Amino acid sequence: MCRVVLIYMNPVVIFAVFAMSISQLSAKESTLFNVKRSQYISHAKAISKKQMTDEEVSALTEEAASIIDDMKNQYIFDALKTDEIVLKYLNGKDFPDSSEPTVIDPNDQKIVGFTIACYWLCKNLSKDLISKIVQKSPLEMVSIIQELSVFFKFISADPNDFGHGTFREKNETATTIFSTNEAILRIMKPLICKNLLKDCVIYKLSRLGTTIVNDNNFNLTAIIDSLKRNTADDSRIPIYIVSEGEK
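Let us look at the structure shown here. (Residues numbered from 1 in each chain as written. Predicted model: local features only at pLDDT ≥ 70, side-chain atom pairs only at ≥ 80, totals over all residues. Heavy atoms only, no water.)

1. Some thoughts on the environment of Trp-120
Item 1. The residue Trp-120 is located in helix H5 (residues 106–124) in this model.
Item 2. Put simply, Trp-120 and Phe-95 are 25 residues apart on the chain and 9.9 Å apart in space, counted from C-alpha to C-alpha.
Item 3. Leaving out residues up to four positions away in the same chain, Trp-120 has contacts with Leu-125, Ile-212, Phe-218 and Leu-220.
Item 4. Side-chain polar atoms of Trp-120 contact the backbone oxygen of Phe-218, separated by 2.9 Å. (Helix = DSSP H or I, 4+ residues; strand = E, 2+ residues; numbered from the N terminus. Contact = heavy atoms within 4.5 Å. Polar contact = N/O pair within 3.5 Å; in protein donor to acceptor, adjacent residues only side chain to side chain.)

2. A word on the pattern of salt bridges
Item 1. The tally for this structure, following the rule as stated, stands at eight salt bridges.
Item 2. Asp-70 is the salt-bridge partner of Lys-36, the closest N and O atoms lying 2.5 Å from each other. Remark: Asp-70 occurs in helix H4 (residues 54–79) and Lys-36 occurs in helix H3 (residues 27–47); sequence separation between them is 34 residues.
Item 3. A relative accessible area of 24% means that Asp-70 is categorised as partly exposed.
Item 4. The closest approach of N and O atoms between Lys-88 and Asp-94, which form a salt bridge, is 2.5 Å.
Item 5. A relative accessible area of 47% means that Asp-94 is categorised as partly exposed. (Salt bridge = Lys/Arg side-chain N within 4 Å of Asp/Glu carboxyl O. Buried < 20%, exposed > 50% of the residue type's maximum accessible area, 1.4 Å probe, protein only.)

3. Focus: the packing of H5 against helix H9 (residues 207–215)
Item 1. As a packed pair, H5 and H9 sit with axes 9 Å apart at the nearest point and diverge in direction by 120°. By the criterion of interaxial angle, the relationship of H5 to H9 is oblique. In the crossing of H5 with H9, the sense of the turn from one axis to the other is right-handed. Facing Gly-113, Phe-114, Ile-116, Ala-117, Trp-120 and Leu-121 of H5, the residues of H9 in contact are Leu-208, Gly-209, Ile-212 and Val-213.
Item 2. In terms of residue class, the contact of H5 with H9 is made up of eight nonpolar, two polar and no charged. (Axes fitted to C-alpha atoms, helices over the stretch in contact; angles between N-to-C directions. Parallel < 35°, antiparallel > 145°, perpendicular 65-115°, else oblique. Left-handed = near helix turned anticlockwise from the far one by under 90°. Nonpolar A, V, L, I, M, F, W, Y, C, P; charged D, E, K, R; others polar.)

4. Quick notes on the packing of aromatic side chains
Item 1. In this structure the tally under the stated criterion is eight aromatic pairs.
Item 2. Both rings, one in Trp-120 and one in Phe-218, keep their centres 4.9 Å apart while their planes meet at 65°; by these two values the pair is edge-to-face. Of this pair, Trp-120 sits in helix H5 while Phe-218 sits in the loop between H9 and helix H10 (220–225); the two residues are 98 residues apart in sequence, bridging distant segments of the chain.
Item 3. The class of Trp-120 is partly exposed, set by a relative accessible area of 27%.
Item 4. Phe-218 gets classed as partly exposed once you look at its relative accessible area, which sits at 26%.
Item 5. Measuring from ring centre to ring centre gives 5.4 Å for Phe-154 and Phe-167, while their planes differ by 75°; the resulting arrangement is edge-to-face. Separated by 13 residues along the polypeptide, Phe-154 in helix H7 (residues 140–156) and Phe-167 in the loop between H7 and strand E3 (168–170) bring together distant segments of the chain.
Item 6. Owing to a relative accessible area of 1%, Phe-167 belongs among the buried residues under this scheme.
Item 7. Put simply, the rings of Tyr-75, Tyr-89, Phe-95, Tyr-119, Phe-151, Phe-152, Phe-154 and Phe-167 touch in pairs and so form one group of aromatic residues. (Phe/Tyr/Trp six-rings, centres within 6.5 Å; stacked < 30°, edge-to-face > 60°.)

5. Some points on the sheet that holds strand E2 (residues 84–88)
Note: strands within a sheet are paired through backbone hydrogen bonds, in either parallel or antiparallel orientation.
Item 1. Strand order in the open sheet made by the three strands is E2-E4-E3, with mixed pairing throughout. For this open sheet the edge positions go to E2 and E3, each flanked by a neighbour on one side alone. Mean inter-strand twist for the sheet, computed between neighbouring axes without regard to direction, equals 25°.
Item 2. Bridge analysis of E2 against strand E4 (residues 174–178) gives five bridges, and the strand direction is parallel. Within E4, the residue paired with Lys-88 across the bridge is Phe-178.
Item 3. Along the sheet, H7 contacts E2, E3 and E4; its crossing angle with E2, the most-contacted strand, is approximately 80°. (Pairing = 2+ DSSP bridges.)

Listed below in structure tokens is the structure:
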């Protein structure tokens, strides 16, 4: 398996541009998310190295699913006031599409891959699959929850705060997010810096997300079947976020 690594550099330049959007993250989300996540981490660590009972698997599954449901409720149903989100390109093609141009910078291209992985997990991660992940590796859900939280901030972001134009289009039941390369690099990239690298310089992506990015593998069941309890995996692909002067 592979692991994505994000290396955060030159924070002053990046944060200054996006300070307005970052400051608008709600205290409600932060408190609720952090409390529930901390509880899940504590419970997962306590039983991650022993044979889990069906009751323990069920309890952890409910905790993880509840956190994801809370984020969907806040960012999709409440913030966007929509029943569903769909990622597309401006030309109407569904996201992702291999025929679309790739980003020239290989490190930025991996930010696009990160977005693809998060979108796939958001659309396809059922409670049954969460249960299978918990059975294989309870702590894997910690990374997945954290990454999905960044994805939800991305889809609900105000594009004007990031110097970006057309980003969303709403109809009666669904909201389309126009996930062009420009939108991902202007909005998702600084959100990754703020939320995944605020306490460290290296972030290691979940193994599910890594396999989607690295192998273009969208079979979640097969990926989950290959999971192991040990999360100390140094074979994950690196994503480097650098300032313009360092490229």
